[in-house]
Structure formats: structure tokens, C-alpha cells
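Structural overview
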Amino acid sequence: MKIQKTLFAVAATLAMTPLTGFAADFRSADIHNADDYPTVVAVKYMSDVLNKNSGGKYKIKVFNKGALGTEKETIDQVKIGALDLTRVNISPMNSICQKTQVPTMPFLFKSVEHMRKSLDGPIGEEILKDCEAQGFIGLAFYDSGARSIYAKKPIKTVADVKGMKIRVQQSDLWVALIGAMGGNATPMPYGEVYTGLKTGLIDAAENNIPSFDTSKHYEAVKFYSRTEHSMAPEMLLMSKVIWDKLPKADQDMIRSAAKESVAVQRKKWDEQEAKSLAVVKAGGAQIVEVDKASFQSVMGPVYDKFIVTPDMKRLVKAVQDTK
């Protein structure tokens, strides 16, 4: 423990060293195991763009597979400047930057296209900027797919969810979401879901198609009901401690490279979704279309509980009004 603390202190001290005039290898964290996972590929692409545009001055080394810690741990490191960048799901940031709660809300986005258009414009920029006061420079949003419910039976309307034990992430929002549908939210570590579905400990779970595929959950339950209740994105964050030591021109260069990486991530994500959809269908899974309006109609209490400030309400409306 003492050694870990010492290394952490050394890293923090090094992070305080001015970068102006020196080449820098930025370190970026990601928890995904696959080297070709869309977010990992995107940040590596960003490094190539940055390296080229800076004439070799800057590049980014991606440490995926959780090598630098959990998402929460890497967020903590970025905040103090012990780590340069991290790619995290938006959910852990909800309690840090209040406006990040907005794109996390259920049924906010009408489609993937609507989500991308909303987050690519002023709405997305305002949400990213909200994290600056907490020590984070929000560089980009990446896709994380649409989450839907999968179970041993087809779910077509919200009435079909009543009484079902559905695995959720350990989050107040997810518990409230399933509760509003009439289900029994069952927080459970991701690694235990397959066994839970197989043994009947839980009736269902919810996630995106690539996760349904790669976790082999389609072997345990065969009905993937396209509720698409959440399109909560990923975030690419940089330490403000590091950022503030860079010249404005270099900051602009980093922002530009990050924005370029978004298109690469989305293309890779769309390819992954198509590939995974083919895999689960070949494995016997059935894709069920649902009456989304029935689900949306019970979400009022969830919004009342989590969208609590005028700014958050304004942003929700701005997203809803985006054409």
C-alpha cells in the first residue's frame, strides 16, 4: 500500500511539470478488454492525428483492459492530474457534473441519429463544459449503443415487465427506471448475470447488442426486446491540471483530434453492432419490436426525481426539440 501511495504521489508530481516546449506522451485509460473495441480504436486514432498535427510533439498511449484501474479510479486520477485522459461511461460522472445526468435519462433520444445530432451541437458542448469546474475537460462523447431488455419471454409493452426480476447496474437511476416499469430491479455485478439468467435467479437483464453477444447472454435467454430505453454515451475526459499547462494552440489541436476520433468510433461501433446482431440471431435469439410509447408513458416520476434544476430541465427540452 505504501509503495502504491508513493507511486501515486510521484505520478501526481510529474503531472505538475509544465509541458510547454516538451514532447509529451499522454496516458489514457479504458476498461474494455479488446484492443479493437470501438473506444480503444478511437483514442488510438486520436493519437495518430495528434502526433501528425503536432509534428511528433504529442501522442497518446492507451492503457485498456483496466490496467490503470476501474472507471471510478481513473476518474479520481484524472481529477488530480496523475493521469492525462480517461474514457468512461457517462453514468459515474452523474454525481460529479450534474448536467451529465441529462443524456443518461431514459427514452430521451428518439433514435441513434437523434442522440448523435443532439450531442454534436451546443447541447453536448454545454454538458461537456459542465465538468470543467470539477477538474475535467470534456473532449468528446462516444456511442455506447442502445440498451434494451432481454429475457426468456418476449416483452412488447410495459405491462409485460410487471413483476419481473431484472438485473440492473448498481445505480439509483436504473433502479428507479425498472421500478417505474413495474419490474423488480436487481442490482448485480455484470460477471454474475449469465449464471443468474441460467439459474432463474433473475428473469431478465438489459444491455446493448454487442454486450448481449460478447457476454454470451443470448445462450441463456432468447428474446431481445428492443426497448432502447437508454442511449447513455461514453465520455472522453482530460485532466484540467494537465490542460491548463498547455498553450492555447495545443489545446485546440487536442480538441480537434478528439472530435475527429468520434466519427471513427461511431463507424467502428456500427460495424460491431451489425456483427453482434448477426451472431445472436445465428445463435437463436429473436429480436422483438416493442410499443415504446407504453414505456415512455410511465417515465414521469423518474424525470421528476432526477431532473431537478432549471438548467437540466432546459437541456432535456432542448434535446426533445432537436430535429
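These lines cover the structure that appears in this document, whether it is placed above or below. From a predicted model like this one, the values you see are computed outputs, not experimental measurements.

**Side note on the packing of aromatic side chains**
Going through the model one piece at a time under the given rule, you end up with seven aromatic pairs. Between Tyr150 and Tyr224 the ring centres are 6.0 Å apart and the planes differ by 15°, which places this aromatic pair in the stacked class. Linking Tyr150 in strand β5 (residues 147–151) with Tyr224 in strand β9 (residues 223–230), this pair joins segments that are 74 residues apart in sequence. On the basis of relative accessible area, Tyr150 is assigned to the buried category, the value being 1%.

**Side note on the sheet that holds strand β10 (residues 234–239)**
Remark on secondary structure: sheet strands pair via backbone hydrogen bonds, oriented parallel or antiparallel. Taken in spatial order, the five strands of this open sheet run β2-β1-β3-β10-β4, and their pairing is mixed. The strands lining the two open edges of the sheet, one partner per strand, are β2 (58–63) and β4 (136–142). Across this sheet, the average inter-strand angle for adjacent strands is 25°, counted without regard to direction. In terms of strand pairing, β4 meets β10 through six bridges, oriented antiparallel. Bridging from a neighbouring strand, Ala140 pairs with Leu236 of β10. In the packing of helix α5 (residues 122–129) onto the sheet, the strands contacted are β4 and β10, and the crossing angle to β4 comes to about 140°.

**Quick notes on the nonpolar core**
The nonpolar side chains of a soluble globular protein tend to be buried, and buried together. Ranked by internal contacts, the top residues of the largest apolar core, which has 53 residues, are Met93, Met181, Met235 and Phe295. Among the elements that make up this core, the one with the highest residue count is helix α6 (residues 172–181) (six residues). Not counting residues within four places of it along the chain, the set of residues in contact with Met235 comprises Thr86, Arg87, Val88, Ile90, Met93, Thr100, Leu128, Cys131, Ala140 and Phe141.

**Regarding unusual backbone geometry**
Peptide bonds are mostly trans, and most non-glycine residues show a negative phi. Of note, Phe107 is a non-glycine position whose phi angle comes to about 55°, a positive value. Within the secondary structure, Phe107 is located in the loop between β3 (85–89) and α4 (112–120).

**Looking at the pattern of salt bridges**
Per the stated rule, a full pass over the model turns up 24 salt bridges. Note that Lys99 and Glu126 form a salt bridge whose closest N and O atoms lie 2.9 Å from each other. Here Glu126 lies in helix α5 and Lys99 lies in the loop between β3 and α4, a separation of 27 residues in the sequence. The salt bridge partner of Glu271 is Lys267, with a shortest N-O separation of 2.7 Å. Note that Glu271 and Lys267 are positioned in helix α10 (residues 248–282) at a spacing of four residues, about one turn of the helix. On the basis of relative accessibility, which here comes to 41%, the residue Glu271 falls in the partly exposed class. The network of salt bridges with shared partners includes Arg116, Asp120, Asp143, Arg266 and Asp270.

**Points about the environment of Trp243**
Within the secondary structure, Trp243 is located in helix α9 (residues 240–243). The class of Trp243 is buried, set by a relative accessible area of 6%. Spatially, the C-alpha atom of Trp243 lies 9.0 Å from that of Phe136, the residues being 107 residues apart in sequence. The residues touching Trp243, leaving out its near neighbours within four places in the chain, are Ile137, Leu139, Met238, Gln251, Ile254 and Arg255.

The rules behind each value
Residues numbered from 1 in each chain as written. Predicted model: local features only at pLDDT ≥ 70, side-chain atom pairs only at ≥ 80, totals over all residues. Heavy atoms only, no water. Phe/Tyr/Trp six-rings, centres within 6.5 Å; stacked < 30°, edge-to-face > 60°. Helix = DSSP H or I, 4+ residues; strand = E, 2+ residues; numbered from the N terminus. Buried < 20%, exposed > 50% of the residue type's maximum accessible area, 1.4 Å probe, protein only. Pairing = 2+ DSSP bridges. Axes fitted to C-alpha atoms, helices over the stretch in contact; angles between N-to-C directions. Contact = heavy atoms within 4.5 Å. Core = buried A, V, L, I, M, F, W, Y, C linked by side-chain atoms within 4.5 Å. Salt bridge = Lys/Arg side-chain N within 4 Å of Asp/Glu carboxyl O.

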